[in-house]
Amino acid sequence: MRIFVDIDDTICFYNDGLDKFSSGRDYSKAQPNLANIKKVNILYKDNNEITYWTARGSKTGKDWYELTKNQLNKWGCNYHYLSVGEKPAYDLLICDKTKRIEEI
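Note that the structure is predicted; figures quoted are calculated from it, not measured.

Asker: Could you clarify how one ought to interpret the environment of Trp75 in this entry?
Answerer: Position of Trp75 relative to the elements: it lies in the loop between helix 2 (65–74) and strand 5 (81–84). Its relative accessible area of 10% is what places Trp75 among the buried residues. Spatially, the C-alpha atoms of Trp75 and Ile11 are 9.5 Å apart, while their sequence positions differ by 64 residues. In contact with Trp75, not counting residues within four places along its chain, are Ile11, Cys12, Ala30, Gln31, Pro32, Leu34 and Ile37.

What follows is the structure, given as structure tokens:
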């Protein structure tokens, strides 16, 4: 199975007091959600293809790839692909195949 996993507010969180839809978030201050990372790592170990994808930089044009890659490696995330800034910046995704991390 090919699985795309969001990063911010899914496998990491922030203690900055900002609403998750606020601009100006400092991605370097993201804290890992180890329980959710473990869930995704289990999916990886079960031979699913994992792509982490994020909208980081899709509005600003800033390249967050290296920071994001380093964070995933530091947090022990297992994955096949990483997509940064290519995910559309949206407020709501409606899809028949969508699951929240809490449902895994």
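Moving on from the coordinates now.
Asker: What should I look at first to understand unusual backbone geometry in this one?
Answerer: When glycine is set aside, most residues are seen to have a negative phi, and most peptide bonds are trans. Backbone geometry places Asp9, a non-glycine residue, at a positive phi of 65°. Here Asp9 lies in the loop between strand 1 (2–6) and strand 2 (12–13). Backbone geometry at Asn47 places phi at a positive 70°, although glycine is not the residue there.

Asker: Would you explain the sheet that holds strand 5 in this entry?
Answerer: Two strands in a sheet stick together by hydrogen bonds in their backbones, pointing the same way (parallel) or opposite ways (antiparallel). Pairing in this open sheet of 3 strands is parallel, and the strands run 1-4-5 from one edge to the other. Looking at which strands have only one partner, the edges of the open sheet turn out to be strand 1 and strand 5. Across this sheet, the average inter-strand angle for adjacent strands is 25°, counted without regard to direction. Two elements, strand 1 and strand 4 (residues 49–54), share 5 bridges in a ladder whose sense is parallel. The residue of strand 4 that forms the bridge with Val5 is Tyr52.

Asker: Explain the nonpolar core here, please?
Answerer: Buried together is how nonpolar side chains tend to be arranged in soluble globular proteins. By size, the foremost hydrophobic cluster in this structure holds 21 residues, and its most contacted members are Ile11, Ile50, Tyr52, Leu72, Trp75 and Cys77. At the level of secondary structure, the elements contributing two or more residues to this core comprise strand 1, helix 1 (34–45), strand 4 and strand 5. Considering every element that reaches this core, the biggest residue donor is helix 1, with 3 residues.

Asker: Explain the environment of Lys59 to me, please; I cannot follow it from the model alone.
Answerer: Residue position: Lys59 is located in the loop between strand 4 and helix 2. With a relative accessible area of 73%, Lys59 lands in the exposed category. Through-space distance from the C-alpha of Lys59 to that of Pro88 is 8.8 Å; in sequence the pair is 29 residues apart.

Asker: Help me understand helix 1 in this model?
Answerer: Think of an α-helix as 3.6 residues a turn; residues three or four steps apart then line up on the same face. In a regular helix each residue adds 1.5 Å, so 12 residues correspond to 16 Å; helix 1 covers 16 Å between its end C-alpha atoms and thus fits that length. Those residues of helix 1 that sit buried are Asn36, Ile37, Val40, Asn41 and Leu43. One side of helix 1 holds all its buried residues, which, seen down the axis, span an arc of 155°. Looking at helix 1, the residues exposed on the side facing more than 90 degrees away from the buried face are Leu34, Lys38 and Lys45. Summarising the contacts, the buried residues of helix 1 are in contact with strand 1, strand 3 (31–32) and strand 4. Positive phi shows up at Asn47, right after helix 1, with a value of about 70°.

What counts as what
Residues numbered from 1 in each chain as written. Predicted model: local features only at pLDDT ≥ 70, side-chain atom pairs only at ≥ 80, totals over all residues. Heavy atoms only, no water. Helix = DSSP H or I, 4+ residues; strand = E, 2+ residues; numbered from the N terminus. Buried < 20%, exposed > 50% of the residue type's maximum accessible area, 1.4 Å probe, protein only. Contact = heavy atoms within 4.5 Å. Pairing = 2+ DSSP bridges. Axes fitted to C-alpha atoms, helices over the stretch in contact; angles between N-to-C directions. Core = buried A, V, L, I, M, F, W, Y, C linked by side-chain atoms within 4.5 Å. Expected span 1.5 Å × (residues − 1). Arc of directions from axis to C-beta.

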